[in-house]
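Here are the chains, one letter per residue:
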Amino acid sequence: MPATSISRKLAVTAALGLLLVPGCHAAEQALPYAEAVRIPLDAWPAVQVGTRSVATDTGTVTYRYPILGPDHPLTTEIHTSMAERQTAFLEDLPANGTPELLQDATVLAASPHVVGVRITETVRAGVNETFHARTLWYDTRDDTVLPWTSLFRDEAAIERAHLAVADVLEDGYDMPTEQLPGLVGEVALRAARQQEAPGSEPGEAGAGSPPPPTASARDTAEDTGPLDLTDPEQALRAAELWEGSPLADLAFSTAGGLAVRMEPGEVPAAGRVSEVLLPVQPEDAEDLLSELGYQAREAALSGEPDFPLDGELSAEGDSLDCSRLKCVALTFDDGPGQDTERLLDMLAEYDARATFYVLGSLVDEFPGIVERTHAEGHEMGNHSWKHDDLAGKSEAGVADDITRTNEAVRAITGSDPLTIRPPYGSLNGTVRKAVDQPLILWDVDTMDWQSRDTAKVAEHALTHTEAGSVVLFHDIHPSTVDAVPKVLEGLHRQGYHFVTVTDLFGLEALAPGDVFTDARLG
């Protein structure tokens, strides 16, 4: 038995009670229900909350996620999975109407050992509304993000947990076995058939008896051997095989057991409630949990989140995995200028992050714009001091030019530009040898400096951009800035995410002196 047993902590502090999302039933109601430990992000003051929200004439997307630190695996997984869902939603928008996708996160447990987060999504389209929820669990020991299946000791324990839920529905809600929904019904029916089989003893397949065969999804797998749920890949495989299980939206109850959510339509006897939280009693859950599961339960019952955070971990940093997403880097050269602030307003409407390759001479002229650009989460890039052709300079001349611009940016933002874009895209071996930053070119050239035609600039960007593209604009041209709203609207509608250059490539992949044009996959 793991050290964290049920006898150690089943009481919940009064402070925790104030943070809980209450169950849907009054305490005096006879139907069995559970009180789930769910802590809103706003009730965890130590953690920052990332928010993205874009409203257009065709639909609205909003999501929030916890920021646990730069490149933190759990933050990256939550943020990326929400972004993936946003892309799917936008790609499937109807011709008419303005549906909404709302995604949010709730803390289920947080300690130095484990963090559990519940991710919810609500889609509203007219009078229709759909809801889905799932959980992710971060194991600090292995620095891994795990699915709900990792809370259970093995697949037999998952099977028994379904049978425990079936018992609650049958005994507490008077539901016949044949009417039990989804996987709960499949598992219960299989257990009932096993009990009726010749030679079986009464109660042989009950929740307290040896586990029955695994669920039908597991039976169809090519590998029918038992999965090791302590292995992240096998735990994920188990979650795929048990897709649709109500245990995917699992929380711990204030009583120390499990709180399993089901839709009210699946449990008619529950009446007019927003959700049904079924209790798996502590004594029934005790033998089902893995070591991580025991740690998660102890964290949930501890009274408040206790995950170690410090000043370094409070920064947002990069938290999107662009290898899984339709990311694009919009880049703007030759500024800042008179129209840059108007451009910043446009980008803000789409929660878009961009990269600005600035001239050092103009940084000194427009320090306030540079400060605002940096403060709003955009990335500063080095575009030389006054747009000289670096390939025509000596190694020392290139180094002096780049250093001078770095210093101008650092004086305002506190840090050097992360990347360089050589004017005209002109570079040679001397340039590459002289610089301490990677060199970023582009794969989509809008030719805005030549055409000065707003419609042509927008059309070129919309028709040539692919996932992983680096798109070249110049924010010193009013006609270019005028084109940006159409570009943002069109690419957003296609499910793209607007990120900085280093977000697109990953800073660790960008070596000093190397040249990059795009991050397109395949």
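Check the entry above for the structure.
Residues numbered from 1 in each chain as written. Predicted model: local features only at pLDDT ≥ 70, side-chain atom pairs only at ≥ 80, totals over all residues. Heavy atoms only, no water.

### A word on the side chain of His-492
For clarity, the threshold we go by: Strands are runs of DSSP state E lasting at least two residues, helices are runs of H or I lasting at least four, and both sets are numbered from the N terminus onward. We call two residues in contact whenever any of their non-hydrogen atoms come within 4.5 Å of each other.
Note on placement: His-492 falls in helix α16 (residues 478–493). Discounting residues that sit within four places of it in the chain, His-492 has contacts with Val-54, Thr-56, Val-61, Gln-86, Leu-90, Tyr-350 and Phe-498.

### Digging into the state of the cysteines
Basically, it comes down to this: Cysteine sulfur pairs qualify as disulfides if the two atoms are within 2.5 Å. Relative accessibility thresholds used throughout: buried, under 20% of the residue-type maximum; exposed, over 50%; partly exposed, between the two (1.4 Å probe, protein chains only).
Across all of its chains, the model carries one disulfide by this definition. Two residues share a disulfide in this structure: Cys-322 and Cys-327, whose sulfurs sit 2.2 Å from each other. Judged by the sign of its S-S torsion, about -85°, the cystine formed by Cys-322 and Cys-327 is left-handed. The burial state of Cys-322 is the same as that of Cys-327; both residues are buried.

### What about the pairing of strand β13 (residues 379–382)?
For a regular strand, the rule is simple: side chains alternate between the two faces of the sheet. Selection criterion: Note on pairing: two strands pair once DSSP finds at least 2 bridges between them.
Side chains of β13 alternate between two faces, with Glu-379 and Gly-381 and Met-380 and Asn-382 buried alike. Relative to β13, strand β12 (residues 355–358) runs parallel, the two being bridged by four bridges. Looking at β13, one finds that Val-358 is bridged to Asn-382.

### Remarks on the packing of aromatic side chains
Geometrically, a pair of aromatic rings is defined through the distance of the ring centres and the angle of the planes. Inclusion rule: Stacked, edge-to-face and tilted labels apply to pairs of Phe, Tyr and Trp rings (six-membered ring for Trp) whose centres lie within 6.5 Å, assigned for plane angles under 30 degrees, over 60, and everything in between, in that order. Distance and angle both matter: a charge sits over a ring if NZ of Lys or CZ of Arg is within 6 Å of the ring centre and within 35 degrees of the ring normal.
All told, the structure shown has seven aromatic pairs when counted by the stated rule. Ring geometry for Trp-148 and Phe-152: centres 6.1 Å apart, planes at 85°, overall edge-to-face. Centroid distance Phe-332 to Phe-356: 5.4 Å. Interplanar angle 25°. Geometry classified as stacked. Taken as a pair, Phe-332 in strand β11 (residues 327–335) and Phe-356 in strand β12 lie far apart in primary sequence, 24 residues in all. When its relative accessible area of 1% is taken as the criterion, Phe-332 is described as buried. With a relative accessible area of 3%, Phe-356 lands in the buried category. Site record: aromatic cluster; members linked through ring pairs are Phe-332, Phe-356 and Phe-473. Positioned above the aromatic ring of Tyr-496, the side-chain terminus of Lys-326 is 4.7 Å from the ring centre. One cation-aromatic arrangement involves Arg-404 over Trp-385; the distance from NZ or CZ to the ring centre is 3.8 Å.

### With respect to the nonpolar core
Inclusion rule: Grouping buried Ala, Val, Leu, Ile, Met, Phe, Trp, Tyr and Cys residues that are joined through side-chain atoms within 4.5 Å yields what is termed a nonpolar core.
The biggest cluster of nonpolar side chains holds 94 residues, and the ones touching the most others in it are Trp-137, Trp-148, Phe-152, Leu-169, Tyr-173 and Leu-258. Broken down by element, the residue count for this core peaks at nine residues, all from helix α3 (residues 155–172). Beyond its immediate chain neighbours, meaning those up to four positions away, Leu-258 contacts Ala-34, Phe-152, Leu-250, Ala-251, Phe-252, Ser-253, Leu-278, Pro-279, Val-280, Ala-285 and Leu-289. Ranked by size, the runner-up nonpolar core spans 40 residues in total, among them Leu-90, Val-328, Met-346 and Phe-473.

### Remarks on unusual backbone geometry
Most of the time, phi is negative for any residue but glycine, and the peptide bond is trans. With an omega of 0°, the peptide bond between Gly-335 and Pro-336 qualifies as cis. Note that Pro-336 resides in the loop between β11 and α9 (340–349). The residue Ser-384 is not glycine, and still its phi comes out positive at about 85°. Take Ser-384: it is sitting in the loop between β13 and α12 (395–413).

### Topic: the layout of surface pockets
Gaps left between atoms are located by rolling a probe of water-molecule size over the structure's atoms. Just so we agree on the cut-off: In this analysis the probe radius is 1.4 Å and the grid spacing 1 Å, with only protein atoms considered; a cavity is a set of points the probe fits into but cannot get out of, a pocket is an open set with protein on both sides within 12 Å along at least five of seven lines, and lining residues have an atom within 4 Å of a point. Grid points are joined across faces, edges and corners, and a volume is the space filled by probe spheres set on the points. Note that Gly is not counted as nonpolar here; it falls among the polar residues with everything else outside the nonpolar set of Ala, Val, Leu, Ile, Met, Phe, Trp, Tyr, Cys and Pro and the charged set of Asp, Glu, Lys and Arg.
In this structure, the second largest pocket spans a volume of roughly 900 Å³. Around the second largest pocket, the lining comprises 34 residues; the ones closest to its centre are His-132, Ala-133, Arg-134, Trp-148 and Ala-248. For the lining of the second largest pocket, the secondary structure elements donating two or more residues are α2 (73–91), β6 (128–139), β7 (144–146), α4 (182–196), α6 (232–241) and β9 (258–262). With six residues, β6 is the largest single contributor of residues to the lining of the second largest pocket. Looking at the lining of the second largest pocket, its residues break down into 17 nonpolar, six polar and 11 charged.

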